[in-house]
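An overview of the molecular structure
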Amino acid sequence: MKINGTLISYFFICKTKLWLHANRINLEDNSEDVRIGKILHEINEEKSKKSEISIDNIKIDKLTRDYLVEIKKSDSDPEAVKWQVLLYLYKLKQKGVERKGKIEFIEKNRQDKKVHYIELDEVNEKELLDILKRIETIINQDTPPQAKFENKCKKCAYYEYCFI
Ligand code: SF4
């Protein structure tokens, strides 16, 4: 299975969610947060139609001369976003395109945005390859990793599946 941005971010958010999504148990259309994310993405898509590109199984929000830009509606999972962007930078590099990463967090109901910069270096590239292997191992398991209740579960589209 080709690992995309969603799967790598779920690896950091929740391994149960990673397995469920990868194995096509998809309840996410019911989630308000996912809907907001999609709308934000669509708005952004309208604004930057010329710069959005698809490579293999990933979609990059924006590619400028210097940066690969990823736009998020919240900074609640910075580690997940960081590795998502590193995956994109890696895929671009494989195609002979080298860029730095720029992450823009646009909070709901706020005009300002937080911006973070990231680069794919030797160390995090090695770590990325290790993470991709670990993701393959999890999604190829016959059953999902045991769900553990955390605060984030209350907002998760899989809440009913895991706990009811
Ligand atoms: S409800 Fe919690 S344990 Fe279940 S998939 Fe969502 S985040 Fe993971």
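Below or above, wherever it landed, is the structure these notes cover. (Residues numbered from 1 in each chain as written. Predicted model: local features only at pLDDT ≥ 70, side-chain atom pairs only at ≥ 80, totals over all residues. Heavy atoms only, no water.)

1. Brief notes about the overall build of the chain
Of regular secondary structure, the chain possesses 6 helices and 6 strands. Each helix and strand of the chain, ordered N terminal to C terminal, gives the series α-α-α-β-β-β-β-α-β-β-α-α. The buried share of the chain, reckoned over its 164 residues, is 37%. Long-range pairs, those at least 24 residues apart, make up 64% of the contacts in the chain between residues at least 6 apart in sequence. Split by element, the accessible area of the chain, about 10,300 Å² in all, is 47% carbon and sulfur. (Helix = DSSP H or I, 4+ residues; strand = E, 2+ residues; numbered from the N terminus. Buried < 20%, exposed > 50% of the residue type's maximum accessible area, 1.4 Å probe, protein only. Contact = heavy atoms within 4.5 Å. Areas by Shrake-Rupley, 256 points an atom, 1.4 Å probe, with all protein chains shown as cover.)

2. Considering the packing of aromatic side chains
Note on aromatic pairs: each is described by the distance of the centres and the angle between the planes. Evaluated as defined, the whole model comprises 6 aromatic pairs. Seen from their ring centres, Phe149 and Phe163 are 5.4 Å apart, and the 80° between their planes marks the pair as edge-to-face. Remark: Phe163 occurs in helix H6 (residues 159–163) and Phe149 occurs in the loop between helix H5 (122–139) and H6; sequence separation between them is 14 residues. Linked through ring pairs, Phe11, Phe12 and Trp83 together constitute an aromatic cluster. Above the plane of the ring of Tyr10 lies Lys17, whose end atom (NZ or CZ) is 4.8 Å from the centre. Seen from the ring of Tyr67, Lys102 lies directly overhead, with NZ or CZ sitting 5.6 Å from the centre. (Phe/Tyr/Trp six-rings, centres within 6.5 Å; stacked < 30°, edge-to-face > 60°. Lys NZ or Arg CZ within 6 Å of the ring centre and 35° of its normal.)

3. A closer look at the site of the ligand
With respect to spatial proximity, the complete set of residues near the ligand consists of Cys14, Lys17, Ala147, Lys148, Cys153, Cys156, Tyr158, Tyr159, Cys162 and Phe163. With 3 residues, the single largest contributor to the shell around the ligand is H6. In terms of residue class, the shell around the ligand is built from 8 nonpolar, no polar and 2 charged. (Near = heavy atom within 4 Å. Nonpolar A, V, L, I, M, F, W, Y, C, P; charged D, E, K, R; others polar.)

4. With respect to the packing of helix H1 (residues 5–13) against helix H2 (residues 15–22)
As a packed pair, H1 and H2 sit with axes 6 Å apart at the nearest point and diverge in direction by 150°. If you check the angle between H1 and H2, you find them roughly antiparallel. Contacts from Thr6, Leu7, Tyr10, Phe11 and Ile13 in H1 reach Lys15, Lys17, Leu18, His21 and Ala22 in H2. Classifying every residue of the contact of H1 with H2 by side-chain character gives 6 nonpolar, 2 polar and 2 charged. (Axes fitted to C-alpha atoms, helices over the stretch in contact; angles between N-to-C directions. Parallel < 35°, antiparallel > 145°, perpendicular 65-115°, else oblique.)

5. Focus on the environment of Leu89
Within the element layout of this structure, Leu89 appears in helix H4 (residues 78–94). Here Leu89 falls in the buried class, since its relative accessible area comes to 3%. Through-space distance from the C-alpha of Leu89 to that of Leu120 is 6.6 Å; in sequence the pair is 31 residues apart. Sequence-distant contacts of Leu89, defined by excluding residues within four places in its chain, comprise Leu68, Arg99, Lys100, Gly101, Ile118, Glu119 and Leu120.

6. A short note on the pattern of salt bridges
Tallied over the full model, the rule gives 7 salt bridges. Taking the shortest distance from any N to any O, the salt bridge between Lys102 and Glu104 comes out at 3.9 Å. Side by side, Lys102 and Glu104 carry an identical accessibility label, which is buried. (Salt bridge = Lys/Arg side-chain N within 4 Å of Asp/Glu carboxyl O.)

7. Section: the nonpolar core
Within soluble globular proteins, side chains that are nonpolar generally end up buried alongside one another. Among the nonpolar cores identified, the biggest contains 36 residues, and Ile8, Leu18 and Ile135 are the most heavily contacted of them. Looking at which element gives the most residues to this core, the answer is H4, with 10 residues. (Core = buried A, V, L, I, M, F, W, Y, C linked by side-chain atoms within 4.5 Å.)

8. As for the side chain of Asp61
Inspection of the secondary structure puts Asp61 in the loop between strand E2 (58–60) and strand E3 (62–63). Lys72 is the oppositely charged side chain nearest to the buried, salt-bridge-free Asp61, at an N-O distance of 6.2 Å. Polar contacts involving the side chain of Asp61 include one to the main-chain amide nitrogen of Ile71, which spans 2.8 Å. (Lys, Arg positive; Asp, Glu negative; His and termini not counted. Polar contact = N/O pair within 3.5 Å; in protein donor to acceptor, adjacent residues only side chain to side chain.)

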